[in-house]
Amino acid sequence: MRWLRRRSVGPPTPKGTRSRSREHTRNSASLKRVAFEIGAVASAVAAAYGVCYFIAATRLPQTPCVAFAADAIFGIVYYPLVVVLASQSTLALYPDVHSRWHGTTPASRMLAILLVSRMIVHVPFLELKKQIKESKAQRPIFLIHHAIGIVVYLTGLVLGRCHFWGAMNALC
């Protein structure tokens, strides 16, 4: 009956008030950390895209769209990395229901940060790809896809939830 001996100082607070306050502080600190991590990784992704664009422009002059070629060159390293991180995260978080909804791993965090960073950097590349006729009609769909992906993965990063489901989605 330990809970009966609890001493309170001052008037009682409404149920859950303190935990919500702590959770808000934790989430705002998490948001700052996530913003810093995404900024750093997005800078690295932008630099890598710049290198890929330079390679495509100098080594593939016959290509009809340099941005499209640069995106393909970037994908040579990016997509295998995403598959490895998503596989590790999925295998680590699969064992029980709680870890599927509330579990995180370093690989799942890095996966989400990498996906969000790439989506942020890739939006201007969609505009550069306008030289290709087929992509004109698809551009609004891609922008909506990127916006939804950024919001969903950022929410999972800040709250520390649903990393398993994000990793499973990344495998698709």
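Residues numbered from 1 in each chain as written. Predicted model: local features only at pLDDT ≥ 70, side-chain atom pairs only at ≥ 80, totals over all residues. Heavy atoms only, no water.

Novice: Outline helix H2 (residues 66-93), supporting the account with residue identities and numerical values.
Specialist: Helix length check: H2 (28 residues) gives 39 Å between terminal C-alpha atoms against 40 Å at 1.5 Å per residue, within 8%. At Gly75, H2 shows its largest kink, close to 45°. (Helix = DSSP H or I, 4+ residues; strand = E, 2+ residues; numbered from the N terminus. Expected span 1.5 Å × (residues − 1). Bend = angle between axes of the 7 residues up to and from the residue.)

Novice: Describe the pattern of salt bridges, naming the residues involved and giving the relevant values.
Specialist: For the structure on display, the rule yields three salt bridges. Across the salt bridge formed by Arg109 and Glu37, the nearest N and O atoms sit 2.5 Å from each other. One end of the pair, Arg109, is in helix H4 (residues 106-128); the other, Glu37, is in helix H1 (residues 17-59), and 72 residues separate them in sequence. Note on Glu37: relative accessible area 23%, which makes it partly exposed. The closest approach of N and O atoms between Asp71 and Arg118, which form a salt bridge, is 3.4 Å. Placement of Asp71 in helix H2 and of Arg118 in helix H4 is noted, with a sequence separation of 47 residues between them. For the pair shown, Asp71 and Arg118 are each scored as buried. Through salt bridges that share partners, Arg33, Glu37 and Arg109 make up one connected network. (Salt bridge = Lys/Arg side-chain N within 4 Å of Asp/Glu carboxyl O. Buried < 20%, exposed > 50% of the residue type's maximum accessible area, 1.4 Å probe, protein only.)

Novice: An account of the confidence of the model for the protein chain is requested, with residue identities and associated values reported.
Specialist: Here the protein chain averages 85 in pLDDT, while 79% of its residues score no lower than 70. Here residues 1-11 is modelled with pLDDT under 50, and outside its nearest four sequence neighbours on either side it reaches zero contacts, counting other chains as well. (pLDDT = per-residue confidence, 0-100. Contact = heavy atoms within 4.5 Å.)

Novice: Can you lay out the packing of H4 against helix H6 (residues 163-171) for me, pointing to particular residues and giving the numbers?
Specialist: Packing of H4 against H6 brings their axes to within 10 Å, and their N-to-C directions diverge by 55°. Classified by the angle between their axes, H4 and H6 sit oblique to one another. Seen from above, H4 lies across H6 with left-handed handedness. Where H4 approaches H6, its residues Ser108, Arg109, Leu111 and Leu115 are matched on the opposing element by His163, Ala167 and Ala170. Among the residues forming the contact of H4 with H6, the class breakdown is four nonpolar, two polar and one charged. (Axes fitted to C-alpha atoms, helices over the stretch in contact; angles between N-to-C directions. Parallel < 35°, antiparallel > 145°, perpendicular 65-115°, else oblique. Left-handed = near helix turned anticlockwise from the far one by under 90°. Nonpolar A, V, L, I, M, F, W, Y, C, P; charged D, E, K, R; others polar.)

Novice: Which residues make up the packing of aromatic side chains, and what values do they have?
Specialist: Enumeration according to the criterion identifies eight aromatic pairs in this entry. Taken together, a centroid distance of 4.1 Å and an interplanar angle of 15° make the contact between Tyr49 and Phe74 stacked. You can see Tyr49 sitting in helix H1 and its partner Phe74 sitting in helix H2, a full 25 residues away along the chain. Taken as a pair, Tyr49 and Phe74 share a single burial class, namely buried. By the ring-pair criterion, three or more aromatic residues cluster together here, those being Tyr49, Tyr53, Phe74, Tyr78, Tyr79 and Phe125. The ring of Tyr94 is capped by Arg100, whose NZ or CZ atom sits 4.7 Å from the centre of that ring. (Phe/Tyr/Trp six-rings, centres within 6.5 Å; stacked < 30°, edge-to-face > 60°. Lys NZ or Arg CZ within 6 Å of the ring centre and 35° of its normal.)

Novice: For the nonpolar core, give the residues involved together with the corresponding values.
Specialist: Judged by nonpolar contacts, the single largest core of 33 residues is most densely connected at Val45, Val82, Leu111, Leu114, Leu115 and Ala170. Elements with a minimum of two residues in this core: H1, H2, H4, helix H5 (133-159) and H6. A per-element tally of this core places H4 first, with 10 residues. Setting aside chain neighbours within four positions, we find Ala170 in contact with Val82, Ala86, Leu111, Leu115 and Tyr153. (Core = buried A, V, L, I, M, F, W, Y, C linked by side-chain atoms within 4.5 Å.)

Novice: Requested: an account of the layout of surface pockets, with residues and values cited.
Specialist: There is about 580 Å³ of room inside the largest pocket. Within the residue set of the lining of the largest pocket, elements represented by two or more residues are H2, H4, H5 and H6. At 10 residues, the largest contribution of residues to the lining of the largest pocket is made by H5. Residues that form the lining of the largest pocket fall into these classes: 19 nonpolar, nine polar and two charged. (1 Å grid on protein atoms, 1.4 Å probe; cavity = no way out; pocket = protein on both sides within 12 Å on 5 of 7 lines; lining within 4 Å. Points joined across faces, edges and corners; volume = space filled by probe spheres on them.)

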